[in-house]
Amino acid sequence: MSDLAKLGPQIAEEGQRCDAENRYVGANIAALRDHGFLGLAVPAELGGGGLSRVELANMLRELAHYCGATALVMAMHTHTVAAAAWRWRYQKAPTDGLLKRVAAERLQLLSSGGSDWLPGSGTAKKVEGGYKVNGLKVFASGAPSANIFMTGAVEQTAEGPTALQFGVPMNASGVSIVETWDTLGMRGTASHSVKLANVFVADAAIAARRPAGVWHPSFHLISMVAFPLIYAVYTGVAEAARDIAVAAAAKRTQPETIDAVGQLDTELAATQIAHRSMIETMEQAQPGPETTNKVFQHRALVARGAVKTVELALVAAGGAGFFKSMRLERAFRDVQGARYHPLTDGQQQKLAGRMALGLPIDG
């Protein structure tokens, strides 16, 4: 993207400063907002950029070459918009109002991530006209600049725990940011916790209801759309580390250096192939257990390959890679985040095993 090529150097510089000072990449997100990036996943018919999911993944990979933290914040917003766009286009869901607002007002959506995976978190108590919601949501990447928090809470009903999904404005009464984000890598994402204290959510704002703790069609859709976009970021971090290492290794031609670069490129190729499979699945498949299993199998391969690629980049670069100025140290820290998104290794292996054995995936 031409705008990204122009913005890239300043995004890289600001990202480096934010990492060193442990502060949010807010200036980068503001620049991307000003250039219309927040609306890229909105269909053109609704006023957005109309990018395909493949184009969105390519954008996030490229952005990660400049700054992994900025790319991850954008991925968390983008996948939420892309899922709403998929529902509008293929399920005739009434998400067009939100999508039009994202494009016209350049809104940033905030995901509550792992806090609202299958079991859900927080409580929703029925009151007149809606619910009072309480909870603490972790890993909310991009919280300081976000406009709408896409989250959920669990209501105790006669049928059992029921997870409610909804969006609340970040400036709503009872919504606050708890600054918890002090981490090894991805320091610039400001993935703080968001506290909901007696937040009123109107009945009309409840977008979906599902049984808590079990797989639901909405989570098969999230799995299909979100994770290929999120793992585009880690693929991009690995690619950038490879380029830095190869440039450093080009000054040396010893046999062991050549072998190290060959091993590095081979591991990166495996990472890229696995991520390409995630993208192809996202484009060609329908949401469901088989698609979810394939996405998460390849998510595990991308995570493993991206981490290993950056480790090999340090080997290929030699002693120079130990210096922060080469930026491999930051790539090594940032890529560790690939370990922590759903489904983590144990969860993924359980799903794959149950699918292979023909067992119900809830169990």
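Computed from a predicted model, the values in this text were never measured in an experiment.

1. Things to note about the environment of Asn198
- In this fold, Asn198 is placed in strand β7 (residues 192-202).
- The class of Asn198 is partly exposed, set by a relative accessible area of 49%.
- Spatially, the C-alpha atoms of Asn198 and Ser173 are 8.3 Å apart, while their sequence positions differ by 25 residues.

2. Side note on the pattern of salt bridges
- A complete count under the given rule lists 16 salt bridges for this structure.
- Here Lys137 ties to Asp116 by a salt bridge, and the two come within 2.8 Å at their closest N and O atoms. Pair noted here: Lys137 is in strand β3 (residues 130-140) and Asp116 is in the loop between β1 (109-111) and β2 (123-127), with a separation of 21 residues, a long-range link. The burial state of Lys137 is the same as that of Asp116; both residues are buried.
- Residue Arg242 pairs with Asp243 through a salt bridge whose shortest N-O separation is 3.1 Å.
- Residue classification places Asp243 among the partly exposed positions, given a relative accessible area of 39%.
- It is possible to trace a salt-bridge network through shared partners that takes in Glu14, Arg17, Glu21 and Arg23.

3. Side note on the side chain of Ser193
- You can see Ser193 is positioned in strand β7.
- The class of Ser193 is buried, set by a relative accessible area of 5%.
- In contact with Ser193, not counting residues within four places along its chain, are Leu136, Lys137, Val138, Ser176, Ile177, Val178 and Thr180.

4. Focus on the packing of helix α6 (residues 217-249) against helix α9 (residues 328-335)
- In contact at an axis separation of 10 Å, α6 and α9 are set at 160° when each is read in the N-to-C sense. Taken together, the axes of α6 and α9 are roughly antiparallel relative to one another. Viewed along their axes, α6 and α9 form a crossing whose handedness is left-handed. Contacts between α6 and α9 involve Tyr234, Val237, Ala241, Ile244 and Ala245 from the former and Leu328, Ala331, Asp334 and Val335 from the latter.
- Its residues placed into classes, the contact of α6 with α9 shows eight nonpolar, no polar and one charged.

5. A short note on helix α10 (residues 345-356)
- The end-to-end C-alpha separation of α10 is 16 Å, in line with the 16 Å expected for twelve residues at 1.5 Å each.
- Of the positions making up α10, those classed as buried are Gln348, Leu351, Ala352 and Arg354. Taken down its axis, α10 places every buried residue within 165° of arc, on the same side.
- At the exit of α10 stands Gly358, carrying a positive phi of roughly 70°.

6. Side note on the pairing of strand β4 (residues 148-157)
- With respect to burial, β4 is a largely interior element, seven of its ten residues being buried.
- With three bridges joining them, β1 and β4 adopt parallel strand pairing. Across the sheet, Ser111 pairs through a bridge with Met150, a residue of β4.
- Sheet topology places β4 next to strand β5 (residues 160-169); ten bridges connect them, and they run antiparallel. Residue Met150 lies in a different strand from β5, and its bridge partner there is Gly167.
- Joining the antiparallel neighbours β4 and β5 is a turn of two residues.

7. Points about the packing of aromatic side chains
- Taken as a whole and judged by the stated rule, the model has eight aromatic pairs.
- Seen from their ring centres, Trp117 and Phe296 are 6.2 Å apart, and the 85° between their planes marks the pair as edge-to-face. Residue Trp117 is located in the loop between β1 and β2, and its partner Phe296 is located in helix α8 (residues 289-317); the two are separated by 179 residues in the primary sequence. As far as burial versus exposure is concerned, Trp117 and Phe296 are alike and both buried.
- Relative to Trp181, the ring of Phe139 lies with its centre 6.1 Å away and its plane at 90°, an arrangement referred to as edge-to-face. Of the two residues, Phe139 sits in strand β3 while Trp181 sits in the loop between β6 (175-178) and β7, which places them 42 residues apart along the sequence.
- Classification of Trp181 as buried rests on a relative accessible area of 16%.
- Among the aromatic side chains, those forming a connected cluster through ring pairs are Trp117, Trp215, Phe219, Phe227 and Phe296.
- The side chain of Lys126 reaches across the aromatic face of Tyr131, ending 5.1 Å from its centre.

Conventions we followed
- Residues numbered from 1 in each chain as written.
- Predicted model: local features only at pLDDT ≥ 70, side-chain atom pairs only at ≥ 80, totals over all residues.
- Heavy atoms only, no water.
- Helix = DSSP H or I, 4+ residues; strand = E, 2+ residues; numbered from the N terminus.
- Buried < 20%, exposed > 50% of the residue type's maximum accessible area, 1.4 Å probe, protein only.
- Salt bridge = Lys/Arg side-chain N within 4 Å of Asp/Glu carboxyl O.
- Contact = heavy atoms within 4.5 Å.
- Axes fitted to C-alpha atoms, helices over the stretch in contact; angles between N-to-C directions.
- Parallel < 35°, antiparallel > 145°, perpendicular 65-115°, else oblique.
- Left-handed = near helix turned anticlockwise from the far one by under 90°.
- Nonpolar A, V, L, I, M, F, W, Y, C, P; charged D, E, K, R; others polar.
- Expected span 1.5 Å × (residues − 1).
- Arc of directions from axis to C-beta.
- Pairing = 2+ DSSP bridges.
- Phe/Tyr/Trp six-rings, centres within 6.5 Å; stacked < 30°, edge-to-face > 60°.
- Lys NZ or Arg CZ within 6 Å of the ring centre and 35° of its normal.

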